[in-house]
4 protein chains.
Amino acid sequence: MVASAVPAKSAGNRTLSQQFDAVRSYSNRLCEPLEVEDYGIQPMPDASPPKWHLAHTTWFFETFLLKPYLPGYAPLNARYEYLFNSYYNGVGAQFDRLRRGTLSRPTVAEVRHYRTHVDAAMLELLQSSADLELAVEVRSRTVLGLHHEQQHQELLLTDLKYAFGHNPLYPVYMPAAGVDLEPGAQASGEQPLCFDGGIYPLGRATDGCRAEHFDGFCFDNEGPRHEVLLRPYALAPRLVSNSDFLDFIDDGGYRRPELWLANAWTRVRQECWQSPLYWREVDGAWHEYRLSGLAPLLPDAPVLHLSYYEADAYARWARARLPTEAEWEVAAGTSPLLEQAGAWQWTQSSYGPYPGYQPLPGTLGEYNGKFMSEQLVLRGGSRFSPDGHIRNSYRNFFYPPDRWQLTGLRLAYDRPA
Amino acid sequence: MVASAVPAKSAGNRTLSQQFDAVRSYSNRLCEPLEVEDYGIQPMPDASPPKWHLAHTTWFFETFLLKPYLPGYAPLNARYEYLFNSYYNGVGAQFDRLRRGTLSRPTVAEVRHYRTHVDAAMLELLQSSADLELAVEVRSRTVLGLHHEQQHQELLLTDLKYAFGHNPLYPVYMPAAGVDLEPGAQASGEQPLCFDGGIYPLGRATDGCRAEHFDGFCFDNEGPRHEVLLRPYALAPRLVSNSDFLDFIDDGGYRRPELWLANAWTRVRQECWQSPLYWREVDGAWHEYRLSGLAPLLPDAPVLHLSYYEADAYARWARARLPTEAEWEVAAGTSPLLEQAGAWQWTQSSYGPYPGYQPLPGTLGEYNGKFMSEQLVLRGGSRFSPDGHIRNSYRNFFYPPDRWQLTGLRLAYDRPA
Amino acid sequence: MVASAVPAKSAGNRTLSQQFDAVRSYSNRLCEPLEVEDYGIQPMPDASPPKWHLAHTTWFFETFLLKPYLPGYAPLNARYEYLFNSYYNGVGAQFDRLRRGTLSRPTVAEVRHYRTHVDAAMLELLQSSADLELAVEVRSRTVLGLHHEQQHQELLLTDLKYAFGHNPLYPVYMPAAGVDLEPGAQASGEQPLCFDGGIYPLGRATDGCRAEHFDGFCFDNEGPRHEVLLRPYALAPRLVSNSDFLDFIDDGGYRRPELWLANAWTRVRQECWQSPLYWREVDGAWHEYRLSGLAPLLPDAPVLHLSYYEADAYARWARARLPTEAEWEVAAGTSPLLEQAGAWQWTQSSYGPYPGYQPLPGTLGEYNGKFMSEQLVLRGGSRFSPDGHIRNSYRNFFYPPDRWQLTGLRLAYDRPA
Amino acid sequence: MVASAVPAKSAGNRTLSQQFDAVRSYSNRLCEPLEVEDYGIQPMPDASPPKWHLAHTTWFFETFLLKPYLPGYAPLNARYEYLFNSYYNGVGAQFDRLRRGTLSRPTVAEVRHYRTHVDAAMLELLQSSADLELAVEVRSRTVLGLHHEQQHQELLLTDLKYAFGHNPLYPVYMPAAGVDLEPGAQASGEQPLCFDGGIYPLGRATDGCRAEHFDGFCFDNEGPRHEVLLRPYALAPRLVSNSDFLDFIDDGGYRRPELWLANAWTRVRQECWQSPLYWREVDGAWHEYRLSGLAPLLPDAPVLHLSYYEADAYARWARARLPTEAEWEVAAGTSPLLEQAGAWQWTQSSYGPYPGYQPLPGTLGEYNGKFMSEQLVLRGGSRFSPDGHIRNSYRNFFYPPDRWQLTGLRLAYDRPA
C-alpha cells in the first residue's frame, strides 16, 4: 500500500468526520508529486486523468449525499453532474468516457475548489443529521463513498503509471530512494502451501456494505457468505517472479500458440506482446518502468502488469494452473502472507454474483453488480492498494487482456484426494 | 433435432463404418434443399458457408486420420490443408476466417468430390487397421471426427438461417407443412421443479472422449466427473416463451438500463436491439423468421435467438435468475424434459475447465480447451442438434452477445434452505 | 477490349433494339466461363458479385424506363427495386452495398429470368413508343442504360479478377491459349511524343449524353467542350512496363518515403505494399495473376493494378510526372496509339466538373456528378473495356488507393517553352 | 488576424533577429490567456496541444538550423528530436501524432525553457554567420521557420477553439469586449464582382520561398508563376452569412441528398451533421461558440467552420458554385476586399503542384509537396491568420470533411462569354 510511503495515522477510534477528512486528504497527498500537466491526461481509454479521479470521487458525495440529504445544498456547478458521472444511468447522461482527457477545464484549482466545497458541506451533513434513520443512511453512504474514493486512489496511481510508462521521457513519480512504492524482492520460501478438500465458508456477511463504520466495511459483492466445496490443492508460497517469467520468455513463451488460449493468442499477435507491459530492452538488458523511474529489472520481485492471458499461459507452461478465488480466500484465511505479496493475483474465477447476491437498492446498485460479466476475479491487493483494501474477501475484477493494474500471479496445483 | 424432419435409422448396433457413412451422409442430406448459390455465403464472421462446413469436416478426417495413418494416402489438393483448417495452429497457417465467403472455388461439386475422395479412404482405413494399438487410436479419432461433423451440422443450419433471415426475400429452407424444424408450442405446465441442496456429482468420466464407440462418446470438456455443492433451487418447467418475452418488450425492457449488465447496455445501444434476432414487424404485427419462412410469431413457442445479455436482462426483469450449469445438469438427471425443450438454454456459468481437466494430447487438444475464456455455457440442445448431441453433460458455449444460435432461457429461483 | 476475345459483330447500322440485344447478350456471354458459385461473391467492398452486376444493370432499365414509360408494366419482384439499387437516393433506400455478397437469393437462374423479363418488356417499349417526345426520352435513356451496362461489363471482369486473384487456387477464367484477354508486350518505341503549348479544345459537346443513337454517345461528364491552356509537354510513347517497375522495386521504391505522397506512405506501411496487386513471388520468381491464371511476369507488358499512389511514386522516381487529363486528351487527338495501350492510365487531374457542367435532370443526375470529389481521372481504356468505351474524351475515375482496375501509367515531361 | 487584438509593431525595417524575436514572442503572447491545463490537450487527432505547437516550432529551428549550422550546439534533450518531429521522415521516426495529448511531460515550463534555449542559440547563429553562402542558407531557412511558426500560430487558435468548443463549460479564451477575435458583420454590398475571360498569370515567382527576407516571402507551393485561361465569371461581394446558411438549414439542406456529393452525404449521415461545427441550440435559439464564448448567432457574420462538403452543398442549393483558386486569385488581384473577409474560402480546386513545381531540396522538401493529394485549396486567410499570411497567392489546403478551421465560402457564377 502506498500508505507505507506516505504515512497516515491509524484508522482506529476515528469519528466518521475524521475518517472522511483522512481519506479525502490522502487523495490530495497522492497528487503532491504531480505537475499541473499530469492531472489532465488520459493515456488510454481505461486510464482516467488524475483530475477526473479527484472530481468524480467528489461528485459521488455530492450526488448521493449532499443533493438528497443536505437541505439547501447548492451545487458548485450544475454541469459537473454530467461531467463527472462515471456510469450511473440512474443519475443521468454521462460525458463520453473516452474524452475525459480533452477537458482542460475545470482546471486543477477549480477541481480543488470543488473538493473543498463538497468537503465543507459533507462535514456539515455528517454533524447535523438529527433524524436517526436518515443518519444511518447518511453514514453508510458516506462510508461507501470513502471506500469508493480509496479504490480511485489506487486507480489514480495505475493510470498515472500508464501515462508515465508510455512517455519516452519516463518521468519519476517518487524516487526509489527511501521507501519504494512498488513491490521488491520476495522471501525465498519454496515449500507449497497445502490445503485439504472439504466444505468451506466463502465471503462476508451481507450487511458489511451497509455499515455505518468505516472499519469492517465490505462491498456488496463480497457476500453473501456461503459454502463452497473444494478439492485438495496447493498454492505456491510466493508470486511468480521476474526471473521466473524471463525463463518463460526465453523458452519462446510468447511465440508458442499451444500455450495460449485462443483469444489470448489473437491478442498476442495483434499487439505484438513480447514481454510484460512495462519491460523495456535498453542496450540489450531488460529494464522495467516503475513509479520510481526506468531501472534494471529486479529478478526477485514479483512479475507485474500481466494480463490474465499471460498469467494463464505462464501457468500452463509451468505445468500448473491459476487458483480459483475460493481456493485463494480459504488459503488466505490461514496464511496471511498471501495478501502481503504486493500484487493482485489473477484467479481462474469469472467475476459473478455469489449465490443470493443482491445489489444495493436504487442507483447505488450500479456500483458493482452490472459489471458481472466477462471479467475475472483478482485477489490479494497490491502495493498501490490503500489501507483496508487488502482483505481476504476483497474481489477485484478486470478483463482478461487488461495489463495496466499491478497484476501478477501465484501458481496453484491439484493434490491427490 | 433435425433428424425428426429427415429420418435416420437408429444408431444402435452399427459398425463404425456404418456410423461413419450415416453421419457423413446426413451432412449431405441437410444440404439437399439448398441451391448452389447458398453453399458459398458467409453472412457474418461467425457464420461460415455451408460449403466450408462440408469441406472442413472432411479436412478433419484427412488431417487427423488419413495423413498420419493411411499409408500412401494422396491428398486430393495440397492447398486444402490451408484452406479448410479452422483454427489448428498445430497443423499450420489458416486461411482468413473472415474471408471464407469469398472462395467461389473449390465449387460445390469439387467439395463433394473431396468428400467422396476422403470417405473412400476413410472406409479403407477403418477396415484395414491391423495393428491393435493403432486401431484404437484410429477408431477413437474417427468417433471424435464424427461428433465434430455433427456439431457442424448444427452450425450449418444456424449459419444458413442467419443468411436467409437477413435476406430481404426470406427464403424458405423447408416448408412448415409436415414436420416443423424449429420448436413449437411448449406444454403448459407452470409448477416449478424443485431441488434440494447438497453435494452432487457433475460431468462425465474422462474416458468417454477417447472412446472407440460412437454411442456413449463425450467431449473432453464434459469431464472429469467431480462433485459440486448446490443450494436449494427451483427451475421453471418450461422455457420463456415468445409471449413472455413480448411482455418484457412491452414493459420497456430494451429501454431500461437498470435491467442490463453494463456491457449489455452498451451493445443494446450500439446495435439498436429492440427484439430478438429474427423478429420483424410487418404491418404492425410481430413476425419471426424460421427456416420455414417468415410467419406470425408463435406466442407459445420458446423465445429463440437471445444473447446472454438479453436472457440475463429478462431474468432480472422477471425477478428470477439464470441457472448455473450444475443446477441444470443435476435437474436434467431427474427431469429429462429439460433437454427436450428444443432450444439451448443460457446458464450463468462461465465456460471453463472442470477440476482436473486435461485437453487431448497434441494438436487435437486445440479442440475445446483453448476456448475456455470469456464464453458462457449453454445446456439442453436445440431442435437443430443432431441425434446424440442432446445429453445431460453436453456443454455448449458462446459469447455473451451471440444471438445466431437457437438460444433461449429457462428461469431459475433460489429456495429457502 | 474483351470483345476481341469474344467476337461481336460491328455496331454500325444497328437498330436500337438490335443494339440493346447485342449489349445485353454480351453481358451474358462474359459470364459463360463462370461456375454458379462465382456469381455470388464480393471479395472486397468495391468488387460486387457478377450476379449483382447482371441484376443491377437490369434494374436500371426497369427503374428508369419500364416503370415510368411502359403502361401496365408489372415488376417481376417488388423487392428488387431495393435490392439492386446501387446509389440512387432519388429512387429510394438501398440494400447495404457491403453485404451484396451475402445474398444467395435470388439465384443465378432467377436473375437470368429477371433479365429475360425486362428484356422482353424493353423490346416492347422500344418498338411501341408512338409519342414522339416520349420516344426521344425513351431512346436516349435506353442508350444511357446500354452504356451503363457496358461499364458494368468491365467492372464484372475486374471484380472477378479480384476474387480469383485472391483465391489461393488461382482459378482460370479463360486460358491464355488463343487470344489473351489482358495486355501483352508493347511495341518498343522509345521516342517521346512532343506537343506544343497553346490553347486547345477539351471535351465533347454536351448533347452527346442525351443522344438517341448508341454510337456517338458520351457521358455528361465528358462535356461541355471548352478551352484549356497547355504548356509544351511530352508523353512517353508507351506505358511503363513490368520490367520498368521491377527496377523501381529493386531500387527500394516501396521502402523510400521520399518518393511517396504522405497519404501514400501511410497506406504503403499499413497494407505492407511491396509490389503491384497481383504480383506473387513463387519459388523466388515474380509471377502475376491474370484471368488466364498465375504465370511468370511478362517483362514487356504494361505494369497493371497500380494505385495512383504507386503511379505517382514511380513517376517521381523516374524524374518524370503524370500527365494531366487535358495533356492526355490533346495528345490522343493526334496520336491514336495512346488509347491502344490496353490499360487505364492515371492522370494527375482530380475528377471534377468541366466549366459549365450540368448533370442530367432528375434522379439520373446522380449518375456521374455526385462522385466529383476525391477521385482522380484515368484515361485510355483497358483490355477489359467494351467496344466504344475507348475514346479520347472518356473520363474514368477512381480513388488514389484503388488498385483493382487495370490501371497503369504513362510518363509525362515538361518541355522548354 | 489576431494581431489586431494583440497589437504588434510593424514588420518593416526589422533585422531578421528582430523579426525572429517578434514572431517567437507572439506565439508566447497568444498563450497568455491559457491555463496550464489548456496546453496539453488534443481534443481530436488533427488538433494538437498548444504545448506541442510551441515545442514543434522550436524543434524546427533546432533541427534545420542549429544542428547543421551552429558549431557546438548542444540539444537540450536528445529525445525531443523524436517527440516533436511532426512528419519529416528524412529526420527520423516520429512520436505517434494521435498520442500527442498523452504527454504531460515535458511540462509547459520545460517547453518554455526549450524555447529560450533555442532562441538564444538562434540569435547567436543569426549574428555570427560569417560564411556568405552559409549565411544565405541560414537566413532563408530562418525565414521559412518563422513563417512555419506563424502557420502554427493559427493552428494553435483553431485547435484550442476545438477543445473549448467541445467542452460543456465553453471556456472563454478572450472576452468579446473590446476587439473581437473572430469575424463580425460584413458590409452589405450585394453587387457581384464581374471578371472577363482571358489568360491571366497565376502564382508567385519561385524564388520567394528561398528569400532571406521575412517580408515578401512565399511558400514553394505558391509558384511557379504561370498562365491560366479563365472564362468570364462573377464572385459574390461578400461571404455567405450565418443568416444565409440558416435559410439553407431551414429549407432542409441537411436532409436532402440531391444537394450533396456522394461522400458528403455519407458523412452527413454518419456524423449526424445538422449545422456548422460550433452552432448549438440553446432554449430553441441558435448560438455559436466563438473564442469569446457561447453567444447568440450573429446573423450578418460570415458562416464559419464549414466542411468543403457543406460549402459545396450550399452552393448547389443557391444555384451557384464555388470559385476555382485561379478565379479567386485573379479577382483578389483587383478586389483586395476578397482577402479581408475574415474566413478561409473553399475553392473547387484540388491542391496540386503548379506546372513546373519543385519542392525544396532535401528534408525540407517534405514541407508542402507531399500533401498534394486529396485536399482542396482554400484562399483568403482568416481572422486567426497572422500578419503576412493573408496574401493573394497564399494556398491553404484541407480535406473535404475538415471543419475545425475558420472556413466559409464565397459564391461564384458563370457569366456569358
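Computed from a prediction, not measured in an experiment: that's the story for all the values here.

**Student:** Explain the relation of the copies chain B and chain A here, please?
**Tutor:** Here two copies of a chain appear, and what relates them is a rotation about an axis with a shift along it. Mapping chain B onto chain A calls for a rotation angle of 180° and an axial translation of 0.0 Å; the resulting RMSD is 0.0 Å. Those values place the two copies in the arrangement expected of a two-fold rotation axis.

**Student:** Mind showing me how you'd approach the interface of chain D and chain A here?
**Tutor:** Often, the extent of an interface is quoted as the loss of accessible area upon association of its parts. Contacts between the two partners involve 32 residues from chain D and, on the opposite side, 32 residues from chain A. In total, about 2,500 Å² of surface goes out of reach between chain D and chain A, with carbon and sulfur atoms giving 58% of it. Ranking the residues of chain D by area buried against chain A places D:Glu37, D:Arg105 and D:Leu169 at the top, with a combined share of 28%. At the boundary of chain D and chain A, one finds 2 salt bridges. For the pair chain D and chain A, the number of links is 10 residue pairs in polar contact (both at pLDDT 80 or more). Taken together, the elements giving at least two residues each to the side of chain D that touches chain A come down to helix H3 (80-83), helix H4 (108-128) and helix H5 (132-165) of chain D. It is H3(D) that provides the largest number of residues to the side of chain D that touches chain A, a total of 3 residues. Residues belonging to the side of chain D that touches chain A are distributed by class as follows: 17 nonpolar, 8 polar and 7 charged.

**Student:** Looking at this structure, I do not really get the interface of chain B and chain A. What am I missing?
**Tutor:** On the side of chain A, 26 residues touch chain B, which itself brings 26 residues to the contact. Summed over both partners, the interface of chain B with chain A comes to about 2,100 Å²; 55% of that surface belongs to carbon and sulfur atoms. Among the residues chain B hides against chain A, the three largest losses belong to B:Leu229, B:Arg231 and B:Glu374. Together they make up 24% of the total. Linking chain B to chain A there are 0 salt bridges. Along the contact surface separating chain B from chain A lie 9 residue pairs in polar contact (both at pLDDT 80 or more). Broken down by secondary-structure element, the contributors of at least two residues to the side of chain B that touches chain A are strand E3 (226-230) and helix H7 (262-270) of chain B. Here the side of chain B that touches chain A takes 4 residues from E3(B), the largest share from any one element. Counted by class, the side of chain B that touches chain A contains 14 nonpolar, 7 polar and 5 charged residues.

So, how was this worked out
- Residues numbered from 1 in each chain as written.
- Chains lettered and ligands numbered in written order.
- Predicted model: local features only at pLDDT ≥ 70, side-chain atom pairs only at ≥ 80, totals over all residues.
- Heavy atoms only, no water.
- Least-squares fit on C-alpha atoms with pLDDT ≥ 70 in both.
- Contact = heavy atoms within 4.5 Å.
- Buried area = accessible area lost by both parts, 1.4 Å probe.
- Salt bridge = Lys/Arg side-chain N within 4 Å of Asp/Glu carboxyl O.
- Polar contact = N/O pair within 3.5 Å; in protein donor to acceptor, adjacent residues only side chain to side chain.
- Helix = DSSP H or I, 4+ residues; strand = E, 2+ residues; numbered from the N terminus.
- Nonpolar A, V, L, I, M, F, W, Y, C, P; charged D, E, K, R; others polar.

Just geometry here; none of it tells us what the structure is for.
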